[in-house]
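The primary structure of each chain is shown beneath.
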Amino acid sequence: MPLIGQLALALALIMASYSIVANVIGSRRNVPAMLSSARHALWAMAAMVSVGVLALWTSLLRNDLSLEYVASYTSLTLPTFYKVTALWGGQQGSLLFWTWLLSIFTAIVAFQRRRDPVLTPYALAVLAGLAIFFLFMLNFVTRPFDMVVKVPADGQDLNPLLQNYWMAIHPPSLYTGYVSASVPFAFGTAALLTGRFDDSWIRSTRRWAVFSWFFLTLGNLFGARWAYEVLGWGGYWAWDPVENAAFMPWLVMTAYLHSVMIQERKDMLKVWNLALIGMVFCLTLFGTFITRSGVISSVHSFTQSGLGPFFLTFLIAITVSYAVLLLARVKQLRSPAEMESYLSREAAFLFNNLVLVGIAFAVFWGTLFPVLSEAVRGVKITVGPPFFDKVNAPLALALIFLMGVGPLIAWRRSSFFSLAKTFAGPVFFGVVTGVSAAFAGLREWYALTAFSLAAFALGTVFVEFRRGASARQHMVSERPATAVVNLIVKNNRRYGGYIIHVGVALAFVGIVGSSFFKTEVKKTVKPGSAFDVGPYELVFLGLSHDETPHLESARAEVEVLRGGKSVAVMRPGKLFYKRPQQPATSVAIRSTPASDLYVVLAGIDDNSGLVTFQVFLTPLVFWLWAGGFIMAFGTVIVMWPNVRERAAIAAAVRAPATIQREPVIVPGGD
Amino acid sequence: VAFKYLRSLVAAGIAMMFIIMAVATFAASRTSVEEVSEGLTCQCGCGLTVANCNHPQCEFSVPVRQQIETMISRGMGRTEIISFFRARYGEKILSAPTTQGFNLLAWIIPFAAVFAGCLLIVGAIFRWRANQFIEEQTFESGLAPDDPVLRHHLEQEIRE
């Protein structure tokens, strides 16, 4: 099986290399047979990489300890589910998984070639070029099918922190987000290479960009949830370099998704959009570089990998070539830009782009500053949560404010009078929220402002839905609920976007609430004793032990009372994984919309029978997860096929490339 | 309609007020130990601050937190305590760069970049508004654009 796997990867590399040559020659000399051959080569590449993945999965499931990867990341007692997820639990496997996703997406793009026959061959050549790098690594630098010299009796087991269901879906989601960003990047590069500078590349890849954003959102969300449930510190985001590396492409992709609307409507910002998609892709590579280089210490790193120089070279090569290509085309990309007013949706989108890219830059700067400091001063410093919190806090407020302004301000221009009329409701709602919060006893100015702005942003979405639904009620005499549903169905891109805004505002409320008002109690108690945490009384009932061939566990039974009434029984535990001889924490969480009760079994004294609990009461954190899932739901609505939009894309692509067209307005494109 | 609209907003406002009151019930100011320990990075390798270290029996963060508690009980302030740990472990123990010398750049650059971006956008919109104005003027005065070919076509069409 390992031989088949490695052979398949070698064949995939050959196929990818051939496809580039065939695509470029086929496009330049207009030879359809060559283009067809290139596509077949890419499908063969995807098939070969799939064989490689299946070979590794088979080896993992069959406990083939003769394979170094299997011996390093599994054990005989590891549950089957985690043997499957071990594919992305280690260096070589995760790189293979990444390449697999890239090959599948490339195959899909080849399949969709008729959507844009001019750009697709070039985009496929770019995607094949990226695949070649990863296949080169898998064939010559970090081989997943290397054998061990002496077969061990058992494997070293998967890192206990990775033996969690969130970890099973967090890396695939994030990788899907990262890798799918390469499709719009490839089409952007194709546009630069071919000189076809209209927005057809954006239209052809809009769904890919939203798809990428969807998975980046889920990837970040699942990662945060994993940290919350597994790391046992009551938090979910520590501004670790690898977390930052996942967050930055999300921010820039968000900016891109807003900015392309201006190009679609007004044929402006061509250079900026191409720069943004280039940034997104380079940031995904930067994330991979950070994880695999060890240049910045992170809890997520594969620091012993030694892949850093390869990734750094690739990252620099891609960034420099793309920048040079873009600069060479700047003059041709310039269009006669016009804007009527500072009080317009275009202007709001520009400032929204500034804030999003500004936050991404602040995160990038903070992540790299320790390296810079060491290089300049020779002093190692840490840039941790206090820095990121302080720098990003004002920018986040600006972002939420602009998120509220965007949906209601008109395209082209607005008057102060119309603005005052439109925003009166949301502003009133925001002010009421802030004043109520102040009366309720909140004294943190940041939290007060944040809650007010979130309410303002929610108010604008409410007004926008209400306006649209009222119009439908009057025009086609629909019931209110039917009007809202039809509003979304007929204009999914626009109203799906507003649902995403609701998710962002709620997630923001969750982040602020959980960051500012978290309380922590640490108590050492004996069985039968009770202690108070906020409005709850926790009674420690007793301790139970369990043992399986894979791990030993101790669980405390804690009854939770509120107002004298029992509301839950929680079971926090301590786990001890036998094979790696490593302890882990199993936290117990009772989640409600108002607050989470988060109980950690911090210590057990076997001699005295005393047990130490660390308990966090975290307000509003529920809304972070709820907001995240609302964002995902809104994105699904945005991605849902829309017949009118497809017709517009087809019309745009059919238009001759050399003629400067009037921008085609896609229905519901706000 | 306005009344209905106002009524729904007030209802939503009241709902929000209740949620916030629920939050306020739980709200409490952070303890001084937490405030100080958030300024220090744990040296056990967890990558978190001393306040957030996730190793319950951590050999670094647990004694440091106890030491901070003792220092606070002796009347020492946040700055004084953090200076003490900085002198003992070096700058790497601080969880954020200082605001002096080269480190000041860490704080200034992000805001300077956003400010520069802001100026750039304001300038760009100003220029684009001027383009719009010129186009409107051209349109309104009936003048053809400066392109001689277009002018020729236009004059020919007017003659015809």
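The rules behind each value
Residue numbers restart at each chain and count upward from 1, following the sequence in its written direction. Working convention: letters from A go to chains and numbers from 1 go to ligands, in the order in which they are written. Only residues with pLDDT of at least 70 are given local features in this predicted model, and only at 80 or more are side-chain atom pairs given and counted; all residues enter the totals for whole chains, interfaces and linings. Side-chain measures here rest on the full set of heavy atoms in the structure, leaving out hydrogens and waters. Numbering of helices and strands runs from the N terminus, with a helix taken as a DSSP run of H or I at least four residues long and a strand as a DSSP run of E at least two residues long. In these tables, accessible area is a Shrake-Rupley quantity obtained with a 1.4 Å probe, and a residue counts as shielded only by the protein chains included in the view. Our radius of gyration is a C-alpha quantity, and the globule rule it is checked against amounts to 2.2 Å times the number of residues to the power 0.38. Working rule for contacts: check all heavy atoms of both residues, and any pair within 4.5 Å makes them a contact. For the purpose of charge, His is not counted, nor are the chain termini; Lys and Arg are scored as positive and Asp and Glu as negative. Here the site of a charge means NZ on Lys, CZ on Arg, CG on Asp, or CD on Glu. Helices are assigned an expected span. That span is 1.5 Å times one less than the residue count. Residue exposure (1.4 Å probe, protein chains only): buried if accessible area is under 20% of the type maximum, exposed if over 50%, otherwise partly exposed. Summed over both partners, the accessible area lost on bringing two parts together, with a 1.4 Å probe, is the buried area. Here a salt bridge means any side-chain nitrogen of Lys or Arg lying within 4 Å of a carboxyl oxygen belonging to Asp or Glu. Counting of polar contacts relies on pairs of N or O atoms within 3.5 Å, with two restrictions inside protein: one atom must be capable of donating a hydrogen and the other of accepting it, and residues adjacent in sequence are counted only when both atoms are side-chain atoms. Put simply, a nonpolar core is a bunch of buried Ala, Val, Leu, Ile, Met, Phe, Trp, Tyr and Cys residues held in one set by side-chain atoms that sit within 4.5 Å of each other. Summary of the metric used: pLDDT quantifies the predictor's per-residue confidence within the range 0 to 100. Two kinds of site are reported from a 1 Å grid over the protein atoms alone, namely cavities, where a 1.4 Å probe fits but cannot get out, and pockets, open sets with protein on both sides within 12 Å along at least five of seven lines, and residues are called lining when an atom falls within 4 Å of a point. Grid points are joined across faces, edges and corners, and a volume is the space filled by probe spheres set on the points. When DSSP finds at least two bridges between two strands, those strands are taken to pair. Angular values range over 0 to 180 degrees, each being the angle between N-to-C directions of two axes fitted as lines to C-alpha atoms, with helices fitted over their stretch in contact. Geometry of aromatic contacts follows a simple scheme: Phe, Tyr and Trp rings, the Trp one being its six-membered ring, pair when their centres are within 6.5 Å, and the pair is stacked under 30 degrees between planes, edge-to-face over 60, tilted otherwise. Criterion for a charge above a ring: Arg CZ or Lys NZ at most 6 Å from the ring centre, at most 35 degrees from the ring normal. Here is the rule for angles: anything less than 35 degrees is roughly parallel, anything more than 145 is roughly antiparallel, 65 through 115 is roughly perpendicular, and the remaining ranges are oblique. Here is the rule for handedness: rotate from the far helix to the near one, and if that takes an anticlockwise turn smaller than a right angle the crossing is left-handed, while a clockwise turn gives right-handed.

(A) Inspection of the overall build of chain B at higher detail. When its secondary structure is counted, chain B shows six helices and zero strands. Each helix and strand of chain B, ordered N terminal to C terminal, gives the series α-α-α-α-α-α. When the accessible surface of chain B is split by element, carbon and sulfur atoms take 62% of a total near 9,800 Å².

(B) The arrangement of the overall build of chain A in detail. The helix and strand inventory of chain A stands at 20 helices and ten strands. Its C-alpha atoms give chain A a radius of gyration of 27 Å, near enough to 26 Å, the size a compact globule of 670 residues would have. Each principal axis of the C-alpha atoms in chain A carries an extent, and together these give about 85 × 75 × 60 Å. At a minimum sequence separation of 6, the contacts of chain A that also span at least 24 residues come to 73%. With the model as given, the accessible surface of chain A reaches about 25,800 Å², and the carbon-plus-sulfur share is 65%. If the 53 positive side-chain charges of chain A are averaged to one point and the 35 negative ones to another, these points end up 10 Å apart.

(C) Quick peek at helix α18 (residues 492-516) of chain A. Relative to the 36 Å expected for 25 residues at 1.5 Å per residue, α18 of chain A spans 36 Å between its end C-alpha atoms, a close match to the ideal helical length. When you tally the buried positions in α18 of chain A, you get 22 out of 25 residues, the bulk of the element.

(D) A look at the interface of chain A and chain B. With 70 residues of chain A in contact, the opposing surface of chain B contributes 58 residues. Each partner contributes to the roughly 5,700 Å² buried at the junction of chain A and chain B, and carbon and sulfur atoms together form 72% of this total. Its largest share of buried area at the contact with chain B, chain A owes to E338, Y342 and T382 of chain A, together 11% of the area lost on that side. Where chain A meets chain B, there are one salt bridge. Here chain A and chain B share seven residue pairs in polar contact (both at pLDDT 80 or more) between them. Looking at the side of chain A that touches chain B, the elements with two or more residues in it are α13 (345-377), α14 (385-408), α15 (416-439), α16 (445-476), α18, β1 (519-525), β9 (595-604) and β10 (611-619) of chain A. Sort the elements by how many residues they give to the side of chain A that touches chain B and α13 of chain A lands first, with 13 residues.

(E) The arrangement of the nonpolar core in detail. All names here are of chain A. Membership of the largest hydrophobic core comes to 199 residues, with the highest contact counts inside it found for L135, W201, M253, Y256, F387, Y446 and F508. Per element, the largest residue contribution to this core is 15 residues, and it comes from helix α10 (residues 241-266). In this structure, W201 is in contact with L119, P184, F187, G188, A191, Y256, Q263, N273, L274 and I277, ignoring residues within four places of it in sequence. By size, the runner-up hydrophobic cluster in this structure holds 20 residues, among which are F531, V533, A588 and L601.

(F) Structural detail: the confidence of the model for chain B. All names here are of chain B. This prediction gives chain B a mean pLDDT of 77; 62% of its residues lie at or above 70. Across chain B, the element-wise mean pLDDT spans from 59 in helix α1 (residues 2-26) up to 91 in helix α4 (residues 78-89). Predicted confidence is poor over residues 26-31, with pLDDT under 50, and the contacts of this stretch with residues over four places away or in other chains come to 14 contacts. Both scores are available for the predicted complex, with the pTM at 0.88 and the ipTM at 0.84.

(G) Local environment of empty space enclosed by the protein. All names here are of chain A. Summed over the entire model, instances satisfying the criterion amount to five cavities of 30 Å³ or more. Its volume calculated, the largest cavity comes out at about 70 Å³. V109, Q112, R115, D116, T120, F187, S204 and W208 are the residues that line the largest cavity.

(H) Representation of the sheet that holds β1 of chain A. All names here are of chain A. If you walk across this open sheet you meet the four strands as β1-β10-β9-β8, and the pairing is antiparallel. Strands with a single pairing partner mark the edges of an open sheet, and in this sheet they are β1 and β8 (588-591). Neighbour to neighbour, the strand axes of the sheet diverge by 15° on average, direction disregarded. As paired strands, β8 and β9 are joined by four bridges and run antiparallel to one another. Paired with S591 across the two strands is D596, which belongs to β9.

(I) Local environment of unusual backbone geometry. All names here are of chain A. With phi around 55°, N30 is a residue other than glycine that occupies positive phi space. Looking at where N30 falls in the secondary structure, it is placed in the loop between α1 (2-28) and α2 (32-61). N30 gets classed as exposed once you look at its relative accessible area, which sits at 60%. Here the phi dihedral of L269 falls at roughly 60°; this positive angle occurs in a residue that is not glycine. With respect to the helices and strands, the residue L269 is situated in the loop between α10 and α11 (270-293). Since its relative accessible area comes to 14%, L269 is described here as buried.

(J) Representation of the packing of aromatic side chains. Evaluated as defined, the whole model comprises 57 aromatic pairs over all chains. Their ring planes at 70° and their centres at 5.4 Å tell us that F105 of chain A and W208 of chain A sit as a pair that is edge-to-face. Pair noted here: F105 of chain A is in helix α5 (residues 91-111) and W208 of chain A is in helix α9 (residues 200-230), with a separation of 103 residues, a long-range link. Of the residues examined, W208 of chain A reaches a relative accessible area of 10% and is grouped as buried. With centroids separated by 5.2 Å and ring planes inclined at 70°, the aromatic side chains of F60 of chain B and Y89 of chain B adopt a geometry described as edge-to-face. Of the two residues, F60 of chain B sits in the loop between α2 (32-37) and α3 (61-73) while Y89 of chain B sits in helix α4, which places them 29 residues apart along the sequence. The buried category is assigned to F60 of chain B, whose relative accessible area is 12%. Linked through ring pairs, W57, W88, F97, W98, W100, F133, F134, Y175, Y178, F311 and F314 of chain A together constitute an aromatic cluster. Sitting above the plane of the W625 of chain A ring, R225 of chain A keeps its charged end 5.0 Å from the centroid. The lysine or arginine in question, R562 of chain A, covers the ring of Y536 of chain A, its NZ or CZ lying 5.3 Å from the ring centre.

(K) Expanded view of the pairing of strand β6 (residues 573-577) of chain A. All names here are of chain A. Side chains G573, L575 and Y577 of β6 all project onto a buried face; the interleaved residues K574 and F576 project onto a face where none is buried. Both strand β4 (residues 551-562) and β6 contribute to a ladder of five bridges, which runs antiparallel. Across the sheet, the residue bridging to A554 is K574, located in β6. With five bridges joining them, β6 and strand β7 (residues 582-586) adopt antiparallel strand pairing. From the neighbouring strand, Y577 faces β7, where its bridge partner is Q582. In this structure, the hairpin formed by β6 and β7 is closed by a connection of four residues, where Q581 is found at a positive phi of approximately 55°.

(L) Broad picture of the pattern of salt bridges. For the structure shown, the criterion picks out 15 salt bridges over all chains. A salt bridge links E229 of chain A to R225 of chain A; the shortest N-O distance between them is 2.9 Å. Of this pair, E229 of chain A and R225 of chain A are both found in helix α9, four residues apart, which corresponds to roughly one turn of the helix. In terms of burial, E229 of chain A and R225 of chain A fall into one category: buried. The partner of R493 of chain A in a salt bridge is E264 of chain A, with the nearest N and O atoms 2.9 Å apart. On the criterion of sequence distance, the pair formed by R493 of chain A in helix α18 and E264 of chain A in helix α10 is long-range, its members being 229 residues apart. The exposure class of E264 of chain A is buried, given its relative accessible area of 3%. Because the salt bridges share partners, they merge into one network encompassing R377 of chain A together with R86 and E91 of chain B.

(M) The packing of helix α6 (residues 120-141) of chain A against helix α8 (residues 182-194) of chain A, seen in detail. All names here are of chain A. Where α6 contacts α8, the two axes come as close as 8 Å, and the packing angle between them is 125°. As the angle between them shows, α6 and α8 are arranged oblique. Read as a crossing pair, α6 and α8 show a hand that is right-handed. Seen from α6, the contacting residues are T120, Y122, A123, V126, L127 and L130; seen from α8, they are S182, V183, F185, A186, F187, T189, A190, L193 and T194.

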